[in-house]
Amino acid sequence: MSTARQFVVEADGGSRGNPGPAGYGAVVIDAQSGEVLAEAAEFIGVATNNVAEYKGLIAGLTAAHSLDPQAEVAVRMDSKLVVEQMSGRWQIKHPDMRPLAAAARAVFPPGRVTYEWIPRAENKHADRLANEAMDAGKRGEQWSPDRSTAQLDAQDARAARKVASAPEPTGPPGDASAGAAKARAALAGSRTEPSTESGTGSGTEASPGGVTVAGTETPAAGWSAPADLGTPATLVLLRHGETALTPEKRFSGSGGSDPSLSAAGRAQAERVAAALAARGTIQDIVSSPLRRCRETADAVAARLGLDVRVEPGLRETDFGVWEGLTFGEARERYPDELDAWLASPDAAPPGGESFGEVTERVAAARDELVARYAGRTVLLVTHVTPIKTLVRLALGAPPESLFRMELSAASVSALAYYADGNASLRLLNDTSHLR
């Protein structure tokens, strides 16, 4: 049994722009007592997320080494890229990363350091330190431990996680998310994961199970909503019909050529319009500004006799230079950038938009729409990433859940939002109208 002192190093880094103003944070914790032994943070000027994360790792290891050069260290980070590269499971191809990884390995002898990926919610202390460093840099200063509140914030976050892990009471749909305040906190910190306009994922198509999308119907059996919650705002989420890029599974976001529906896509739009007209529940229609959604929305609006309201927050991710490429082509031409993008929702395709940014605007659009259409059933015609993001946020599901959702072209999903802030998933990827 080892008698060496054992430390936990939690590290993080961030860039506001990627690249942009960047900083890192790291904390050293006694593995036995949980006592915080050291904190480190620094504004490092303009850098990428990955560079900042590596510098945070080096700072944390250096601080641990200064406390005890013979210690054994367990590193915990929410950067999958850094964890996998330092564990030796991923190659380090980017020239900027290699010297940083070498510097990190040089702090302790081989075998003294282990690496573990953790969710962002479990890395709040280091994350807060990194943000304090970036805030200080914005003021033209460097981070000062005397002004830091990161340790107190981390204690509050740990306490909140203990509360969140307690069993939830049964009640109206969405209570499993723990009520409005807790749900909003979870939404604010949520991340999204990669998805292209192809809509592919590792899961299988979900069965609607006979659940319909009417805004006034009773939730699934086993739930009983109190009368004072009233009629929820029901968002019926329609993915647009196919374009020429959809069958080829090419990146098709908001920064490309804005393609029209193909002949197959127009036929899909007409079929979904007929199905929604037969249900007779849609009261309003809101669309992404992109052409494929507007054309799909117009087909439904013509059948229902409704106007279409455009909401910019519902547009697809801007995939930058990857627009029009297949995943394989992006991997071949931009391997390091793609690795970084897959590893962190804060990383953006070159010239594009990060999934963290998408989450912020989609959540803001959701809040505005839920308030505007309280008690009504509104059709949102949008894209893969916004729909998956709305579903994941409503469920309070972990980021990896997006890989287990399939969204076919012209598929219908539905979410109900209640007056207490809770949400209920009513339907996912229904394509029965296309058969």
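Bear in mind that the values here come from a model prediction, so they are computed numbers and not experimental data.

Visitor: What should I look at first to understand the UniProt feature "binding site: substrate" (unreviewed entry) in the chain in this one?
Guide: The UniProt record annotates "binding site: substrate" (unreviewed entry) at R292. You can see R292 is positioned in helix α8 (residues 291-304). Relative accessible area serves as the criterion here: at 0%, R292 is assigned to the buried category. A polar contact of 3.4 Å, which involves the side chain of R292, links it to the side chain of H240.

Visitor: Is there a simple way to think about the nonpolar core in this case?
Guide: Generally speaking, a soluble globular protein has its nonpolar side chains buried in company with each other. With 31 residues, the main nonpolar core has Y54, L57, L61, V73, V75 and M86 as its most contacted residues. Mapped by element, the contributors of at least two residues to this core are β1 (6-15), β2 (20-30), β3 (36-47), α1 (49-67), β4 (72-77), α2 (80-86) and α3 (97-105). No other element matches the eight residues that α1 contributes to this core. Among all residues touching Y54, those that are not within four sequence positions of it are V82, Q85, M86, I92, M97, L100 and A101. In this structure, L369, Y373, V378 and L407 belong to the second largest nonpolar core, which totals 24 residues.

Visitor: Explain the pairing of strand β6 (residues 233-239) here, please?
Guide: Within a regular strand, the side chains alternate between the two sheet faces. The buried fraction of β6 is high, at seven of seven residues. Of the two faces of β6, the one carrying A233, L235, L237 and R239 and the one carrying T234, V236 and L238 are both buried. Bridge analysis of β6 against strand β10 (residues 412-417) gives six bridges, and the strand direction is antiparallel. The residue bridging T234 from the neighbouring strand is A416, located in β10. Taken together, the six bridges between β6 and strand β9 (residues 377-382) define a ladder with parallel strand orientation. The partner of L235 across the bridge, within β9, is V378.

Visitor: I would appreciate a short explanation of the packing of helix α7 (residues 263-279) against α8 in the present structure.
Guide: If you want to describe how two helices pack, look at the angle between their axes and the distance between the axes. Direction vectors running N to C along α7 and α8 enclose 40 degrees, while the axes themselves pass 8 Å from each other. On the basis of the axis angle, α7 is oblique to α8. Once α7 is placed against α8, the crossing between them reads as right-handed. Contacts between α7 and α8 involve A269, E270, V272, A273, A274, L276 and A277 on the former and, on the latter, T296, A299, V300, R303 and L304. Residue composition of the contact of α7 with α8, grouped by class: nine nonpolar, one polar and two charged.

Visitor: How should I be thinking about helix α12 (residues 384-395) in this particular structure?
Guide: Each α-helix turn comprises 3.6 residues. Residues three or four places apart therefore point the same way. Helix length check: α12, at twelve residues, gives a terminal C-alpha distance of 17 Å against a target of 16 Å (1.5 Å per residue), a fit within 8%. Summarising burial for α12: eleven of the twelve residues are buried, a large majority. Within α12, the full set of buried residues consists of V384, T385, P386, I387, K388, T389, L390, V391, R392, L393 and A394. Positive phi shows up at G396, right after α12, with a value of about 65 degrees.

What counts and what doesn't
- Residues numbered from 1 in each chain as written.
- Predicted model: local features only at pLDDT ≥ 70, side-chain atom pairs only at ≥ 80, totals over all residues.
- Heavy atoms only, no water.
- UniProt positions renumbered as here; feature names shortened; annotations may be inferred.
- Helix = DSSP H or I, 4+ residues; strand = E, 2+ residues; numbered from the N terminus.
- Buried < 20%, exposed > 50% of the residue type's maximum accessible area, 1.4 Å probe, protein only.
- Polar contact = N/O pair within 3.5 Å; in protein donor to acceptor, adjacent residues only side chain to side chain.
- Core = buried A, V, L, I, M, F, W, Y, C linked by side-chain atoms within 4.5 Å.
- Contact = heavy atoms within 4.5 Å.
- Pairing = 2+ DSSP bridges.
- Axes fitted to C-alpha atoms, helices over the stretch in contact; angles between N-to-C directions.
- Parallel < 35°, antiparallel > 145°, perpendicular 65-115°, else oblique.
- Left-handed = near helix turned anticlockwise from the far one by under 90°.
- Nonpolar A, V, L, I, M, F, W, Y, C, P; charged D, E, K, R; others polar.
- Expected span 1.5 Å × (residues − 1).

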